[in-house]
Structure formats: structure tokens, C-alpha cells
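# A look at the structure
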Amino acid sequence: MAELRDIRRMVELEEKCFDEAYPAELLAYFITDDRFISLVAEESQVVVGMAVAELEEKEAKRVGHIWTVEVLPPYRRKGIATRLLREVEERLRRRGAVECYLEVRTDNEAAIRLYEKLGYERVGVMRDYYGPGRHAYLMVKDLRNTP
């Protein structure tokens, strides 16, 4: 689990992975609010990846919402994102989540392949989700019958 002492390194990771990074205050909120699961992956005391998910109540059921899964470019394609995502899904499942959903840019082919490999299905397109002309796929995974 991420801790408040990880904030500075999480912000650095965010800034290296995304044009519009989450601010330190939001990352601190993710860590301190019990609805969220915040994980970091470290190598040699360097935060190389993280995942954040929220447990939500939707339509009388518990679902997980993946807010972010990210890995520093030099550490990608080494299974870190897969391990983070599987761990966050397991923690959501233990809290009663029956499904999980996320949004991903329609042009982020590597992430889409990863999510599909792990059982997520595209269920819709969210127009302009990331800004004008920057659309997202809504992807969902059933957590009940998956390892």
C-alpha cells in the first residue's frame, strides 16, 4: 500500500507518465480515504509504478473503479502493470466488489491490449473524456469468476 511518505515520488511518476498529472493533494486523498486502494511498485527505492482504485456503490452492488495504472517507461513490458492491476482487483474483490471498470484513451493501444488480456471488455466510448477530441473507452471486467 502507498503511504503519505510516497507522495513526492508518486507525483514524479505522474508527471513522467501523463501530460495532466494528478496533483499531490489528490494523491494524498487517495492514500488517506478508506474507499481507495493505492499501491506502488518499487525497484531499488524508486517508485516505478502505481495503481489507484476506488470501491463504489452502484446500482445496489459494489464495484471497483480503476483511477490509474501507470509504470515508468523504462520499466514497462516487464509485468509491473499486470501485477499492480491484479493486486488491486484482488483487494477490491475482498471488499465485496463484483465488477471493475476503467476509462482508457482510445489511442492508448498498449494499455487497451493489457486490459483486454486481463479480461476487460470495451462497453462504450466516452466522447471528449480527456478533453476536446480525446476520447476514452469505458472498459468493464466481471470480478466474480476471475482468478
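The rules behind the values
Residues numbered from 1 in each chain as written. Predicted model: local features only at pLDDT ≥ 70, side-chain atom pairs only at ≥ 80, totals over all residues. Heavy atoms only, no water. 1 Å grid on protein atoms, 1.4 Å probe; cavity = no way out; pocket = protein on both sides within 12 Å on 5 of 7 lines; lining within 4 Å. Points joined across faces, edges and corners; volume = space filled by probe spheres on them. Helix = DSSP H or I, 4+ residues; strand = E, 2+ residues; numbered from the N terminus. Nonpolar A, V, L, I, M, F, W, Y, C, P; charged D, E, K, R; others polar. Core = buried A, V, L, I, M, F, W, Y, C linked by side-chain atoms within 4.5 Å. Buried < 20%, exposed > 50% of the residue type's maximum accessible area, 1.4 Å probe, protein only. Contact = heavy atoms within 4.5 Å.

### Brief notes about the layout of surface pockets
What the largest pocket holds in volume is close to 1,200 Å³. Elements represented by at least two residues in the lining of the largest pocket include exactly α1 (7-17), β3 (61-71), α3 (80-94), β4 (99-105) and α4 (109-117). Of all the elements, β3 adds the most residues to the lining of the largest pocket, at seven residues. Of the residues contributing to the lining of the largest pocket, the split by class is 18 nonpolar, five polar and twelve charged.

### Details of the nonpolar core
Counting residues in hydrophobic clusters, the biggest one holds 44 residues, and the most contacted among them are Ile66, Leu85, Leu92, Val104, Tyr115 and Tyr120. For this core, the leading source of residues is strand β2 (residues 46-58), giving seven residues. Contact partners of tyrosine 115, with chain neighbours within four places excluded, come to Val69, Leu85, Leu102, Val104, Tyr120 and Met139.

### Considerations on unusual backbone geometry
The phi angle at serine 44 is positive, at roughly 50°, despite the residue not being glycine. Its place among the elements puts serine 44 in the loop between β1 (36-43) and β2.

It is worth stressing that arrangement in space is one thing and function is another; only the former is reported here.
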